[in-house]
Amino acid sequence: MELMALGRIPESGTLARAVSAEVRAALARQRISVKELASRAGLTESYLGKRLRDGAPMTINDLESVCAALGEDALAFFTAAIEAARNSDD
């Protein structure tokens with residue numbers, strides 16, 4: 001594993017990309033904009049947008065806030081992302 005310089009945001013890995021895909025799918029299902037979700041979750045639109053474009057990974061805290069804002073169970077949401085990540089490696 002390569003060490004990362006302080007202050008540098010790591011690239012999104014397979015699981016992080018699966019998490020952002022789950023969030024994008026939930027947004028589409030619920031017909032909610034990124035702007036609206038960011039507001040509900042207490043995040044800025046640019047911060048959330050960067051994570052949804054896989055420009056940076058979401059933190060667990062981000063995911064908890066996003067799931068609460070979407071009315072989704074964080075554990076079920078993360079489990080679905082793990083399964084999607086596993087399937088993408090096949």
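Since the structure is predicted, the reported quantities are computational estimates derived from the model, not experimental observations.

Student: What should I look at first to understand the overall build of the protein in this one?
Tutor: The secondary structure content of the protein amounts to five helices and zero strands. Sequence-ordered secondary structure for the protein, helices as α and strands as β, is α-α-α-α-α. Sequence-distant contacts in the protein: of pairs separated by 6 or more residues, those separated by 24 or more amount to 66%. For the protein, the exposed surface amounts to about 5800 Å²; the carbon and sulfur share of it is 53%.

Student: I tried to follow the side chain of Asp-62 on my own but got confused; where do I start?
Tutor: Tracing the backbone shows Asp-62 in helix α4 (residues 60-70). Owing to a relative accessible area of 6%, Asp-62 belongs among the buried residues under this scheme. With near-sequence residues (within four places) excluded, Asp-62 lies in contact with Leu-43, Tyr-47 and Arg-51.

Student: Where do I start with the pattern of salt bridges in this structure?
Tutor: It is possible for side chains bearing opposite charge to pair when their charged atoms get close. One pass over the full model with this rule turns up four salt bridges. Between Arg-51 and Asp-62 there is a salt bridge whose closest N-O contact spans 3.9 Å. Placement of Arg-51 in helix α3 (residues 45-52) and of Asp-62 in helix α4 is noted, with a sequence separation of eleven residues between them. The two residues Arg-51 and Asp-62 agree in class, both being buried.

Student: Help me understand the environment of Val-19 in this model?
Tutor: Inspection of the secondary structure assignment puts Val-19 in helix α1 (residues 14-30). Residue classification places Val-19 among the buried residues on the basis of a relative accessible area of 6%. It is 7.8 Å that separates the C-alpha atoms of Val-19 and Met-58, two residues lying 39 residues apart in sequence. Here Val-19 is in contact with Met-58, Leu-63, Phe-77, Phe-78 and Ala-81, once residues within four sequence places are set aside.

Student: Help me out: how do you make sense of unusual backbone geometry in this one?
Tutor: Excluding glycine, most residues fall at negative phi; most peptide bonds, likewise, are trans. The backbone of Arg-31 shows a phi angle near 55°, a positive value even though the residue is not glycine. Within the secondary structure, Arg-31 is located in the loop between α1 and α2 (34-41). Even without a glycine there, the phi angle at Asp-54 is positive, about 65°. Within the fold, Asp-54 resides in the loop between α3 and α4. Looking at Asp-54, the relative accessible area reads 24%, which means it is partly exposed.

Conventions and cut-offs
Residues numbered from 1 in each chain as written. Predicted model: local features only at pLDDT ≥ 70, side-chain atom pairs only at ≥ 80, totals over all residues. Heavy atoms only, no water. Helix = DSSP H or I, 4+ residues; strand = E, 2+ residues; numbered from the N terminus. Contact = heavy atoms within 4.5 Å. Areas by Shrake-Rupley, 256 points an atom, 1.4 Å probe, with all protein chains shown as cover. Buried < 20%, exposed > 50% of the residue type's maximum accessible area, 1.4 Å probe, protein only. Salt bridge = Lys/Arg side-chain N within 4 Å of Asp/Glu carboxyl O.

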